[in-house]
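Per-entry structural report
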Amino acid sequence: MMAKIIEIGSAKSGVAKTTTTYNLAYVLRKMGYKVLAVDLDPQANLSTCFGIEDTSVVQITIGHLLMNMIDDEDICWWI
């Protein structure tokens, strides 16, 4: 089966992007699909929904990787 990408995004805040993403991922997983939910929000609310209570303890985030790419820096996985 081929992978499908679903993006839920909006520049406006407070439109239930995180809630929609979480519920959609949950339902798809319950239906037997493999799901990867990627949290690009700097507030990391989706990560919190999935059980990461203190997101400040995560050493490397998607934000770090994206900033390294923008700044054309090496990505250090061992930090």
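Heads up: these notes are all about the structure in this document. Just so you know, the residues in each chain are numbered from 1, in the order the chain's sequence is written. Where local features are concerned, this predicted model is filtered to residues with pLDDT of at least 70; where side-chain atom pairs are given and counted, the filter is 80 or more; whole-chain, interface and lining totals use all residues. Note that the side-chain values use all heavy atoms of the structure and ignore hydrogens as well as water.

Details of the overall build of the chain
Only DSSP runs of H or I with at least four residues qualify as helices, and only runs of E with at least two residues qualify as strands; both kinds are numbered from the N terminus onward. A tally of regular secondary structure across the chain gives three helices and zero strands. The order of helices and strands in the chain, counted from the N terminus, is α-α-α. Its C-alpha atoms give the chain a radius of gyration of 14 Å, more than 25% over the compact-globule value 12 Å for 79 residues. Each residue is assigned to one of three classes by its accessible area relative to the maximum for its type, calculated with a 1.4 Å probe on protein chains only: buried under 20%, partly exposed between the two thresholds, exposed over 50%. When burial is assessed residue by residue, the chain has 10% of its 79 residues classed as buried. Residue contacts are counted whenever heavy atoms from the two residues lie within 4.5 Å of one another. Partitioning the contacts of the chain with sequence separation of at least 6, the portion at a separation of at least 24 is 26%. For the chain, the accessible surface area stands at approximately 7000 Å², while carbon and sulfur atoms represent 59% of it. Atoms counted for the radius of gyration: C-alpha only. Globule rule: 2.2 Å times residue count to the power 0.38. Note on areas: Shrake-Rupley, 1.4 Å probe, and residue coverage restricted to the protein chains presented here.

Describing the layout of surface pockets
By volume, the largest pocket is sized at about 1100 Å³. A cavity, in this analysis, means grid points on a 1 Å lattice covering only the protein atoms where a 1.4 Å probe fits yet has no way out; a pocket is instead an open set bounded by protein on both sides within 12 Å along at least five of seven lines, and a residue lines either one if it has an atom within 4 Å of a point. Along its surface, the largest pocket is lined by 34 residues, and I6, E7, T21, L36 and A37 are the ones closest to its centre. Sorting the residues of the lining of the largest pocket by element identifies α1 (17-30) and α2 (45-49) as the ones contributing at least two each. Per element, the largest residue contribution to the lining of the largest pocket is six residues, and it comes from α1. Grid points are joined across faces, edges and corners, and a volume is the space filled by probe spheres set on the points.

Describing unusual backbone geometry
The phi angle at A16 is positive, at roughly 70 degrees, despite the residue not being glycine. The residue A16 is located in the segment before α1 in this model. For A44, which is not glycine, the phi torsion reads 60 degrees and is therefore positive. Among the structural elements, A44 can be located in the loop between α1 and α2.

A look at a nonpolar patch on the surface
Residues enter a patch when their relative accessible area is above 30% and they make no salt bridge; the linking distance is 9 Å between like charges and 5 Å between nonpolar side chains (Val, Leu, Ile, Met, Phe, Trp, Tyr). What counts as a salt bridge is simple: a side-chain nitrogen of Lys or Arg found within 4 Å of a carboxyl oxygen of Asp or Glu. Nonpolar side chains collect at one region of the surface, where L36, V38, L40, I62, L66 and M69 lie side by side and expose about 620 Å² of accessible area between them. Mapped onto the elements of the fold, L40 is located in the loop between α1 and α2. On the accessibility criterion, L40 (57% relative accessible area) is exposed.

Re the side chain of D39
Tracing the backbone through its elements, the reader meets D39 in the loop between α1 and α2. The charge count treats Lys and Arg as positive and Asp and Glu as negative. His and the chain ends do not count. Within the buried core, D39 has no salt-bridge partner, and the shortest N-O distance to an opposite charge, that of K17, equals 10 Å. As used in this structure description, the phrase polar contact means that two N or O atoms lie within 3.5 Å; if the pair is within protein, one of them must be able to donate a hydrogen and the other to accept it, and residues adjacent in sequence are counted only when both atoms belong to side chains. There is a polar contact of 2.9 Å between the side chain of D39 and the backbone nitrogen of S47.

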